[in-house]
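Fold and contact review
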Amino acid sequence: MTIHVVIVSGTVFGAAEDVAHHAAELLTDAGLNVSYNPHATYAQLSALKPDALLFVTSTTGMGELPDNLQPIVAALRDGPPQWQGVLGGVIGLGDACYGEDFCAGAHLICELYEELGVVQLQDMLPLDASETVSPETDAQPWLTEFADSLKMAVVQ
Ligand SMILES: Cc1cc2nc3c(=O)[nH]c(=O)nc-3n(C[C@H](O)[C@H](O)[C@H](O)COP(=O)(O)O)c2cc1C
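So, a few notes on the structure that sits alongside this text. Throughout this description, residue numbers start from 1 for each chain and increase along the sequence as written. Reporting in this predicted model follows two pLDDT cut-offs: at least 70 for local features of residues, and 80 or more for side-chain atom pairs to be given and counted; totals over whole chains, interfaces and linings ignore these cut-offs and use all residues. With hydrogens and water excluded, all non-hydrogen atoms of the structure serve as input to the side-chain values.

**Details of the state of the cysteines**
The following threshold applies: For the purposes of this analysis, a disulfide is any pair of cysteine sulfur atoms at a distance within 2.5 Å. When accessible area is computed with a 1.4 Å probe and restricted to protein chains, residues below 20% of their type maximum are described as buried, those above 50% as exposed, and intermediate ones as partly exposed.
Under the criterion given, the structure shown has zero disulfides. The cysteine Cys97 is free of any disulfide, with Cys103 supplying the nearest cysteine sulfur at 11 Å. Overall, the relative accessible area of 60% leaves Cys97 in the exposed class. Here Cys103 is not disulfide-linked; the sulfur of Cys110 is the nearest cysteine sulfur, at 9.7 Å. The class of Cys103 is buried, set by a relative accessible area of 1%.

Laid out in structure tokens, this is it:
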């Protein structure tokens, strides 16, 4: 069985989208069936009926999700309960200088997963813009682990 992973990105300046494109390449190379459309709507996401979700999101304002993610997140909360048992991962882009709000948007997605019954396979990966010049490269080991965990979870 080929595992179908849908990637959703939340971005203001494009860095999270770059990481999401890189994730799509890496997970495809690992043998997974990946869908990624940076402009996907909730209706499209829901119709894809994925085995796994990967959210890649930055944080804006004071700990908020980027505007492009707000409608999808609201619809996931209010929509039919079709996500129970779906596998999940979260990559957060932020800046540690925001203190307690560091990667708060990505933490909101982790909370959303819990509400929806999405099974988070590994801890959220926080990427700190003040520490890295290449978040795509920094995400690579986490993505490899995510691909392996997905394959193991689906085989069991
Ligand atoms: C106006 C503004 C507000 C931000 N607020 C936060 C924040 O609350 N928490 C955080 O961790 N990072 C915050 N950041 C940092 C961004 O999340 C970080 O630079 C990220 O890499 C941007 O990714 P993007 O290009 O996908 O939007 C903020 C950046 C800007 C410009």
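**Structural notes on the site of the ligand**
Note the following rule: It suffices for a single heavy atom of a residue to lie within 4 Å of a molecule or strand for the residue to be listed as near it. N or O atoms within 3.5 Å of each other form a polar contact, as long as, within protein, one can give a hydrogen and the other can take it, and as long as residues adjacent in sequence are counted only when both atoms are side-chain atoms. Under the grouping applied here, Gly and all other residues not named as nonpolar or charged are polar, the nonpolar ones being Ala, Val, Leu, Ile, Met, Phe, Trp, Tyr, Cys and Pro and the charged ones Asp, Glu, Lys and Arg.
Neighbouring the ligand are 20 residues, the closest being Thr11, Ala16, Thr59, Gly63 and Cys103. Between the ligand and Thr59, the relevant distance is 2.6 Å, taken from an oxygen atom to a main-chain nitrogen or oxygen of the residue. Within the backbone of Gly61, an N or O atom sits 2.8 Å from a nitrogen atom of the ligand. When its residues are assigned to classes, the shell around the ligand shows 10 nonpolar, eight polar and two charged.

**Here's the deal with the nonpolar core**
Formally: Residues enter a nonpolar core if they are buried and are Ala, Val, Leu, Ile, Met, Phe, Trp, Tyr or Cys, with the set joined through side-chain atoms within 4.5 Å. Each helix is a run of DSSP H or I of at least 4 residues and each strand a run of E of at least 2, with the numbering of both proceeding from the N terminus.
Residues Ile7, Leu27, Leu54, Val56 and Ile91 are the most contacted members of the largest nonpolar core, which totals 27 residues. Listing elements by their share of this core, those giving two or more residues are β1 (4-10), α1 (15-29), β2 (33-36), β3 (52-58), β4 (87-94), β6 (125-128) and α5 (135-155). The next biggest cluster of nonpolar side chains, apart from the first, holds 23 residues, and it includes Tyr42, Ile72, Leu112 and Leu116.

**So, the pattern of salt bridges**
For clarity, the threshold we go by: In the sections that follow, a salt bridge refers to a side-chain nitrogen of Lys or Arg positioned within 4 Å of a carboxyl oxygen of Asp or Glu.
Taken as a whole and assessed by the stated rule, the structure comprises one salt bridge. Between Glu115 and Arg77 there is a salt bridge; the shortest N-O distance is 3.0 Å. Remark: Arg77 occurs in helix α3 (residues 70-78) and Glu115 occurs in helix α4 (residues 104-116); sequence separation between them is 38 residues. Residue Arg77 is classed as partly exposed on the basis of its relative accessible area, which comes to 41%.

Purely geometric stuff here, so don't read any function into it on its own.
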